[in-house]
Amino acid sequence: MRLPIPRLITFDVTGTLLMTKLEQHYVEAAASHGLDRIDVPRIANAFKTNFKRLEHEHPIFGKSTGLGWQNWWRSLVHEVFRDQDRAICSEKLDKIADSLIECYSTSRCWHKYPGTAELLESLSRRRPRVVLGVISNFDERLEAVLDDARIRSYFSFVITSYGLGVEKPSPAIFQEALRLSSIDLDEAIRPDEAIHIGDRVDNDYLGARSANWNAILINREDDPIDEKVVDPRDVFRHFDDLKTHFDSLLTRNAAYGR
């Protein structure tokens, strides 16, 4: 049975389109403000632990509790470096946090994965047209980040959890993408005509599937996958392979017409 022709393809950002060298950028920001005795291996662990805690205490980067995304990130940076030294003064930590907030608003702290531009360029040239969009658990900086990374122009819309007030894996964020893309095409798009691409099983793959979308999981590290949860045919390690997949799928389906 032939699947419907994809008419909407959305992407996650962090870990899917863009990567960051977390430890490097945090160490550089600290050093620029005179904090140069850093235990680098502890940076990532402290970041992960405190990110999860803040997610729980102040969901959607602080929007749900009124903290706001800037103070949310300042709180995270403070805790990451206080894990190194509890005596670091708040004034210095504020300066480090502000440097990181500014850096993470640009492509200086974000880097495209290999094949990103080539995949987006190929999909954007498809006829009949496929709508491209972004669905990301991100704050208000995402538009600027994508623009500075020179990939914003490929997308008809960018949905952030902070802007919408709903985050993946909620079906509501995927429903908003269908609404926006249907307006763009001036024609309704069904859930089974949409594909979401991301690197997380919970937020991306299962989130999309719960909204009755198709889904693709990017698994660059070749981590073990539970085949009872994720169809192995939906898993790709590299964008080069994914581009080949779409070239075949869209060319073959286009021959049949809609």
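See the structure above.
Let us look at the structure shown here.

About the thresholds
- Residues numbered from 1 in each chain as written.
- Predicted model: local features only at pLDDT ≥ 70, side-chain atom pairs only at ≥ 80, totals over all residues.
- Heavy atoms only, no water.
- Helix = DSSP H or I, 4+ residues; strand = E, 2+ residues; numbered from the N terminus.
- Buried < 20%, exposed > 50% of the residue type's maximum accessible area, 1.4 Å probe, protein only.
- Contact = heavy atoms within 4.5 Å.
- Areas by Shrake-Rupley, 256 points an atom, 1.4 Å probe, with all protein chains shown as cover.
- Lys, Arg positive; Asp, Glu negative; His and termini not counted.
- Charge placed at Lys NZ, Arg CZ, Asp CG, Glu CD.
- Phe/Tyr/Trp six-rings, centres within 6.5 Å; stacked < 30°, edge-to-face > 60°.
- Lys NZ or Arg CZ within 6 Å of the ring centre and 35° of its normal.
- Axes fitted to C-alpha atoms, helices over the stretch in contact; angles between N-to-C directions.
- Parallel < 35°, antiparallel > 145°, perpendicular 65-115°, else oblique.
- Nonpolar A, V, L, I, M, F, W, Y, C, P; charged D, E, K, R; others polar.
- Salt bridge = Lys/Arg side-chain N within 4 Å of Asp/Glu carboxyl O.
- Core = buried A, V, L, I, M, F, W, Y, C linked by side-chain atoms within 4.5 Å.
- Domains from an automatic or database assignment.
- Arc of directions from axis to C-beta.

**Section: the overall build of the chain**
Turning to step 1, where the next piece is worked out: Secondary structure assignment for the chain yields 10 helices and eight strands.
Turning to step 2, where the next piece is worked out: Once the C-alpha set of the chain is aligned to its principal axes, its extents read approximately 65 × 35 × 35 Å.
Turning to step 3, where the next piece is worked out: Counting every position in the chain, which comprises 258 residues, the buried fraction comes to 46%.
Turning to step 4, where the next piece is worked out: Long-range pairs, those at least 24 residues apart, make up 65% of the contacts in the chain between residues at least 6 apart in sequence.
Turning to step 5, where the next piece is worked out: Taken as a whole, the chain presents about 13000 Å² of accessible surface, with 48% of it coming from carbon and sulfur.
Turning to step 6, where the next piece is worked out: The centroid of the 35 positive side-chain charges in the chain is displaced by 3 Å from the centroid of its 41 negative side-chain charges.

**Notes on the packing of aromatic side chains**
Turning to step 1, where the next piece is worked out: Applying the stated criterion across every chain yields a total of 14 aromatic pairs.
Turning to step 2, where the next piece is worked out: An angle of 85 degrees between the planes, with centres 5.4 Å apart, marks the rings of Tyr104 and Trp110 as edge-to-face.
Turning to step 3, where the next piece is worked out: Since its relative accessible area comes to 9%, Tyr104 is described here as buried.
Turning to step 4, where the next piece is worked out: Overall, the relative accessible area of 8% leaves Trp110 in the buried class.
Turning to step 5, where the next piece is worked out: By way of ring pairs, the aromatic residues Tyr26, Phe47, Phe51, Phe61, Trp72, Trp73 and Phe81 are connected into one cluster.
Turning to step 6, where the next piece is worked out: Just above the ring of Tyr162 sits the side chain of Lys63; from NZ or CZ to the centre is 5.4 Å.

**Side note on the packing of helix α1 (residues 22-31) against helix α2 (residues 40-57)**
Turning to step 1, where the next piece is worked out: Where α1 meets α2, the closest approach of the two axes is 9 Å, and the angle between their N-to-C directions is 110 degrees. Taken as axis vectors, α1 and α2 run roughly perpendicular relative to one another. Side by side, α1 and α2 meet where Leu22, Glu23, Tyr26 and Val27 of the first sit next to Val40, Ile43, Ala44 and Phe47 of the second.
Turning to step 2, where the next piece is worked out: Of the residues contributing to the contact of α1 with α2, the split by class is seven nonpolar, no polar and one charged.

**Remarks on the environment of His245**
Turning to step 1, where the next piece is worked out: With respect to the helices, strands and loops of the structure, His245 is situated in helix α10 (residues 239-256).
Turning to step 2, where the next piece is worked out: The exposure class assigned to His245 is partly exposed, which follows from its relative accessible area of 30%.
Turning to step 3, where the next piece is worked out: Those residues in contact with His245 that lie beyond four places of it in its chain are Ile216 and Phe236.

**Quick word on the environment of Glu227**
Turning to step 1, where the next piece is worked out: Tracing the backbone shows Glu227 in the loop between β7 (214-218) and β8 (235-236).
Turning to step 2, where the next piece is worked out: Since its relative accessible area comes to 59%, Glu227 is described here as exposed.
Turning to step 3, where the next piece is worked out: Sequence-wise, Glu227 and Gly15 are 212 residues apart; in three dimensions their C-alpha atoms are separated by 21 Å.

**Notes on the pattern of salt bridges**
Turning to step 1, where the next piece is worked out: Overall, the coordinates contain 21 salt bridges when judged by the stated rule.
Turning to step 2, where the next piece is worked out: The salt bridge involving Asp12 is made with Lys168; its shortest N-O contact spans 2.9 Å. You can see Asp12 sitting in the loop between β1 (8-11) and β2 (18-19) and its partner Lys168 sitting in the loop between α7 (161-164) and α8 (171-185), a full 156 residues away along the chain. A single burial state applies to Asp12 and to Lys168, both of which are buried.
Turning to step 3, where the next piece is worked out: Here the salt bridges share partners, and the residues they tie into one network are Arg7, Glu187, Arg190, Asp192 and Glu193.

**As for the nonpolar core**
As a rule of thumb, nonpolar side chains are buried together in soluble globular proteins.
Turning to step 1, where the next piece is worked out: Core analysis: the biggest nonpolar cluster contains 60 residues, and Tyr26, Phe81 and Phe246 have the highest contact counts within it.
Turning to step 2, where the next piece is worked out: The biggest single contributor to this core is helix α3 (residues 69-82), with seven residues.
Turning to step 3, where the next piece is worked out: The residue makeup of this core includes at least three contributed by each of domain 1 (8-17 + 113-252) and domain 2 (20-109).
Turning to step 4, where the next piece is worked out: Excluding residues that lie within four positions of it along the chain, Phe246 makes contacts with Ile9, Leu119, Leu123, Ile195, Ile197, Ile216 and Thr251.
Turning to step 5, where the next piece is worked out: Counting 18 residues, the second largest nonpolar core, distinct from the first, contains Ile173, Ile189, Ala211 and Ala215.

**So, helix α5 (residues 116-124)**
Turning to step 1, where the next piece is worked out: Here α5 has its buried residues at Thr116, Leu119, Leu120, Ser122 and Leu123. The arc enclosing the buried residues of α5, seen along the axis, measures out at 160 degrees, which places them on a common side.

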